[in-house]
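# Topology and contacts: notes
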Amino acid sequence: MKYIALFSAALFAANAFAQNITESDTILIVNSPKNITITETQKGLKVTIIGTENDSTFTSSYFEQYPDNSAIKSRQLFSNPFSFHDEDENCFLTSGGLLFGFVTAPGMPGAMDIEPQKSYEISWLNMLAVKFRDKAKRNSLSIGIGIDWRNYRSTKNVRFTSSDNNGIDLAPYPDDCRPKYSRLKVFSLGFPIIYKHTFTHGKYGISKFALSAGAILNYNSHASLSSSWLDTQGIEVKETTNHIGHSKFTVDFIGIINLTSNLGIYAKYSPMDVLRDNHGPGFKTFSAGFIFAY
């Protein structure tokens, strides 16, 4: 548009306080303004224009004073705080997807007995991602980088212990001791590739109900074992190691349901064993929980 009618903001002020303010007929037409600032305080509404296409030194401003004791109404909407883009952009950088869920181990031997209610996952799905979306803002594809931390925990009568080949074995606790816990931890650097379809939008285009699905390529950079028990004298004994023979590269498949603009539920499954062949019991990973700011 070649012409932009400004200071219609003055009409907004007049409408908001029509009972106290004489309606203004001030209209300014500016050809291709360079910078427009609208500021509202309890004192009034100010509109400022600086620069035009043909005159960089052009400056004009208008101030509409509000009556004393005027009430100013405002609204704040929480959207993804790490989204670095304008509303109309179709390719941009973004960040988000904070996950907290519970972990279980499909395929584990019966003696292993990982307890999902005591095993958990903390993850940042997209520390940084490139997101592509269509013009309707309903379909998007993101490619990013994130981190994940999983804890497989058991408080039953069998513990993890290190084996001779830098792997792990399952073993009973020492006689007459009191078991506390035994757990495995795996830290991963992930590269998620996720498609998202938004069904409904809230005000200002913020997505509400949406479905997402994709894959996460994981580099499992660190893993550890820790088992703890109290001996016959009540003294705590710990066994730890950072060498458990874990798989360095795995793949997760993830599904997400956005229930509101910034709250959803997720489920993840990895069909690959956590440990390498001949380095311990074979088991997969399934986790599910909540996702925030995605």
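For the structure, check the block above.
We now turn to the structure provided with this report. Just so it is clear, the structure is predicted and the values come from calculations on it, not from any experiment.

Take the pairing of strand 13 (residues 236–241) next. Relative to strand 13, strand 12 (residues 210–230) runs antiparallel, the two being bridged by six bridges. Paired with Trp229 across the bridge in strand 13 is Val237. Here strand 12 folds back onto strand 13, and the loop between the two strands holds five residues, one of which, Gly234, carries a positive phi near 80°.

Side chains that differ in charge, positive against negative, can pair when their charged atoms come close. Taken as a whole, this structure holds 11 salt bridges when the rule is applied. One salt bridge connects Lys268 with Glu121, and the closest N-O pair in it is separated by 2.9 Å. In this pair, Lys268 sits in strand 15 (residues 263–270) while Glu121 sits in strand 7 (residues 120–133), placing the two residues 147 residues apart along the sequence. Residue Glu121 is classed as buried on the basis of its relative accessible area, which comes to 0%. Measuring nitrogen to oxygen at the nearest pair gives 3.4 Å for the salt bridge that ties Glu236 to Lys180. Of the two residues, Glu236 sits in strand 13 while Lys180 sits in strand 11 (residues 178–198), which places them 56 residues apart along the sequence. Given the relative accessible area of 38%, Glu236 is considered partly exposed.

Right, let's talk about the packing of aromatic side chains for a bit. As enumerated under the stated definition, the model contains seven aromatic pairs in all. Stacked on the ring of Tyr181, the Lys or Arg Arg153 has its end atom at 4.4 Å from the ring centre. Against the face of Tyr294 rests Lys196, its NZ or CZ located 4.8 Å from the ring centre.

The next point concerns the nonpolar core. One finds Tyr152, Phe160, Ile168, Leu184, Ile244 and Phe283 to be the most contacted residues of the largest nonpolar core, which totals 15 residues. Contributions of two or more residues to this core are made by strand 11 and strand 12. In contact with Leu184, other than residues within four places in its own chain, are Arg150, Asn151, Tyr152, Phe160, Ile168, Ser224, Leu225, Ile244 and Phe283. If you look at the next biggest cluster of nonpolar residues, it comprises nine residues, including Ile254, Ile256, Tyr266 and Tyr294.

The rules we used
What you see as residue numbers is a count from 1 along each chain, following the sequence as written. Confidence filtering applies because this is a predicted model: local features only for residues at pLDDT of at least 70, side-chain atom pairs given and counted only at 80 or more, and all residues used for totals across whole chains, interfaces and linings. The side-chain values count all of the structure's non-hydrogen atoms but skip hydrogen atoms and water molecules. Strand pairing is assigned whenever DSSP detects at least two bridges linking the two strands. Think of it this way: any DSSP run of H or I at least four residues long counts as a helix, any run of E at least two long counts as a strand, and we number them from the N terminus. Take a side-chain nitrogen of Lys or Arg and a carboxyl oxygen of Asp or Glu: if they are within 4 Å of each other, that pair is a salt bridge. Each residue is placed in one exposure class: buried if its accessible area under a 1.4 Å probe, protein chains only, is under 20% of its type's maximum, exposed if it is over 50%, and partly exposed if it falls in between. Stacked, tilted and edge-to-face are the three classes applied to pairs of Phe, Tyr and Trp rings, where Trp contributes its six-membered ring and a pair requires centres within 6.5 Å; stacked means planes under 30 degrees apart, edge-to-face means over 60, and tilted covers the rest. Sitting over a ring, as applied to charges here, requires NZ of Lys or CZ of Arg to be within 6 Å of the ring centre and within 35 degrees of the ring normal. As used in this record, nonpolar core signifies buried Ala, Val, Leu, Ile, Met, Phe, Trp, Tyr and Cys residues forming a set joined through side-chain atoms within 4.5 Å. Here, two residues are considered to be in contact whenever any of their heavy atoms come within 4.5 Å of each other.

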